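Structural characterization, general
The primary structure of each chain is shown beneath.
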Amino acid sequence: MSTAVTPTVDPDLAKAQEYAAKLLLLSEGSVDKHFDPFEDIDWDNPDFAADAGEDRWILPVSADTLGRHSWYQALPTETKIAVGKYRQSNIAKVGLQFESILISGMVIHNFGLPNGSPEFRYCSHEMIEEHNHTLMFQEMVNRIGLDVPGMGPLVSKFKYLGAPVAARFPNLFFMAVLAGEEPIDHIQKQILRSGEEVHPIMRGVMAIHVAEEARHISFAHEFLKNHVPQTKTGQKFVLSLAMPIVMWILGRAIVTPPRSFFEKFDIPEKVRKELFYGSEEAKQTFSDYFCDVRTLAKDIGLINPASKAVWKLLRIDGHTTRYRSEPRRAASKVA
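Values in this document were obtained by computation on a predicted structure and should not be read as measured data.

In this structure, the largest pocket spans a volume of roughly 410 Å³. Lining the largest pocket we find 17 residues, and of these Val 155, Arg 252, Ala 253, Thr 256 and Pro 257 sit closest to its centre. Put simply, the parts of the chain that give the lining of the largest pocket at least two residues each are helix 9 (233-255) and helix 10 (259-264). Considering every element that reaches the lining of the largest pocket, the biggest residue donor is helix 9, with 4 residues.

Next up, the structure:
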């Protein structure tokens, strides 16, 4: 009597197929649900004019550390509006510049992919969406009409690093992608969920950006989950130390306004320090941007005694999540 032989499943093949299926789902999402900033935002609606309902440019207290600071709250309404316009416009410009760096790296990453790679199609979809985001951010800046610089002069030098880092160190590149995307996504979701009134230009831009950025962040997570465990032990150790450093450097670069912003509005040095990483509230706010990233680090084996010490030294250790974008309930340290 013959016995049935159960075929063995190659675990590496199964993992590759699972990864390909996830990327196909993300690619199909880009086809089924995508936006065009010049079709889906009613730019010519009179209510969208930058000078229409200008009180709506006052910074929201829910997600902006400057908006809820006593110095800003004490300003006259006209000054609050002027500061809010400039800050929101500059944030859009920073977003544009970051997306441009991301695109430059993804172009190089795609260039070397083998035929049949599921990453090629998804990355191509993402670059199309990111190009639309740069158009959308620049249109917002143009409509507001302020000549904002975006990133500061030193931080803007990152534009030279996207392509070479993506070419030689793709895992590091996609960590950097998350370092830029997670804080912006976190802030915009907070504003949209708060129900606070914001200018319709900003609301329209944020709604599109959050919807499509969910896919982009998901891909970066899946890329690192797939590739980091395959690296050699020494390389993985280096990545474990690099991850919190990349989050701290690029996160600060994305979130902190350039010094010219503080000079333009005569914001006191004491206030500047309190707003961004000086006060306990500011430090906690910055750390909370990386809850999902800390969970990812644990999942892909990048938490060890040395890396935990780096996360803690940089004051960005803390709460982890059970699933992406889980609401914060209680603080805990990286385990």
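Bringing helix 1 (residues 11-32) into the picture now. Along its 22 residues, helix 1 runs 31 Å from first to last C-alpha, staying within 8% of the 32 Å computed at 1.5 Å per residue. Those residues of helix 1 that sit buried are Tyr 19, Leu 23, Leu 26, Ser 27, Gly 29 and Ser 30. When helix 1 is viewed along its axis, its buried side chains cluster within an angular range of 155 degrees and face the same direction. The exposed set on the far side of helix 1, more than 90 degrees from its buried face, consists of Gln 17, Leu 25 and Asp 32. On the buried face of helix 1, the contacting elements are helix 5 (118-144) and helix 8 (200-227).

This part takes up the pattern of salt bridges. For the structure on display, the rule yields 17 salt bridges. In this structure, the salt-bridge partner of Glu 280 is Lys 283, at a minimum N-O distance of 3.9 Å. With Glu 280 and Lys 283 both in helix 12 (residues 280-288) and 3 residues apart, the pair spans about one turn of that helix. One connected set of salt bridges, linked through shared partners, spans Glu 18, Lys 22, Glu 222 and Lys 225.

We now examine empty space enclosed by the protein. A complete count under the given rule lists 1 cavity of 30 Å³ or more for this structure. A volume near 440 Å³ is recorded for the largest cavity. Forming the walls of the largest cavity are 32 residues, and the residues nearest its centre are Asp 64, Arg 87, Gln 88, Ile 91 and Ile 187. Looking at the lining of the largest cavity, the elements that each hand over two or more residues are helix 4 (77-111), helix 5, helix 7 (170-194), helix 8, helix 9, helix 11 (269-278) and helix 12. Tallied by class, the residues present in the lining of the largest cavity amount to 23 nonpolar, 7 polar and 2 charged.

When we look at burial in helix 14 (residues 305-313), the residues that qualify are Ser 307, Val 310 and Trp 311. Projected down its long axis, helix 14 carries its buried residues within an arc of 100 degrees, all on one side. Opposite its buried face, helix 14 presents the exposed residues Pro 305, Lys 312 and Leu 313, each directed more than 90 degrees away. Tucked into the core, helix 14 has its buried residues touching helix 9 and helix 13 (291-299). Here helix 14 starts with a cap whose side-chain oxygen sits 3.1 Å from the backbone nitrogen of Ala 306, and that cap is Asn 304.

Take the nonpolar core next. Counting residues in each nonpolar core, the largest one holds 84 residues, and the members touching the most others are Met 140, Phe 174, Phe 219, Leu 224, Met 243 and Met 247. Ranked by the residues each element gives to this core, the list is headed by helix 4, at 11 residues. Non-local contacts of Met 243, meaning those with residues more than four positions away in its chain, are made with Met 175, Val 293, Leu 296, Ala 297, Leu 302 and Trp 311.

For the chain, per-residue confidence averages 90 on the pLDDT scale, and 93% of positions sit at 70 or higher. Low pLDDT (under 50) marks residues 330-335, which in the prediction has 15 contacts with non-local residues, meaning those over four places away or in another chain.

This part is about the packing of aromatic side chains. Counting across every chain of the model gives 12 aromatic pairs. Seen in terms of ring centroids, Tyr 122 and Phe 219 are 4.7 Å apart; in terms of plane orientation they differ by 35 degrees. Their pairing is tilted. Taken together, the residues span a long stretch of sequence, with Tyr 122 in helix 5 and Phe 219 in helix 8 at a distance of 97 residues. Among the residues examined, Tyr 122 registers a relative accessible area of 0% and is labelled buried. Given a relative accessible area of 0%, Phe 219 falls into the buried group. With a centroid separation of 5.5 Å and 80 degrees between ring planes, the pair formed by Phe 174 and Phe 219 is classed as edge-to-face. Note that Phe 174 is positioned in helix 7 and Phe 219 in helix 8, a separation of 45 residues in sequence. The pair Phe 174 / Phe 219 is uniform in exposure class, with both members buried. Every member of this aromatic cluster is reached through a ring pair, and the members are Tyr 86, Phe 261, Phe 262, Phe 265 and Phe 276. Over the aromatic face of Phe 265 sits the side chain of Lys 264, whose NZ or CZ is 5.8 Å from the ring centroid. Above the ring of Phe 262, the side-chain terminus of Arg 272 is found at 6.0 Å from the ring centroid.

The rules we used
Residues numbered from 1 in each chain as written. Predicted model: local features only at pLDDT ≥ 70, side-chain atom pairs only at ≥ 80, totals over all residues. Heavy atoms only, no water. 1 Å grid on protein atoms, 1.4 Å probe; cavity = no way out; pocket = protein on both sides within 12 Å on 5 of 7 lines; lining within 4 Å. Points joined across faces, edges and corners; volume = space filled by probe spheres on them. Helix = DSSP H or I, 4+ residues; strand = E, 2+ residues; numbered from the N terminus. Expected span 1.5 Å × (residues − 1). Buried < 20%, exposed > 50% of the residue type's maximum accessible area, 1.4 Å probe, protein only. Arc of directions from axis to C-beta. Contact = heavy atoms within 4.5 Å. Salt bridge = Lys/Arg side-chain N within 4 Å of Asp/Glu carboxyl O. Nonpolar A, V, L, I, M, F, W, Y, C, P; charged D, E, K, R; others polar. Polar contact = N/O pair within 3.5 Å; in protein donor to acceptor, adjacent residues only side chain to side chain. Core = buried A, V, L, I, M, F, W, Y, C linked by side-chain atoms within 4.5 Å. pLDDT = per-residue confidence, 0-100. Phe/Tyr/Trp six-rings, centres within 6.5 Å; stacked < 30°, edge-to-face > 60°. Lys NZ or Arg CZ within 6 Å of the ring centre and 35° of its normal.

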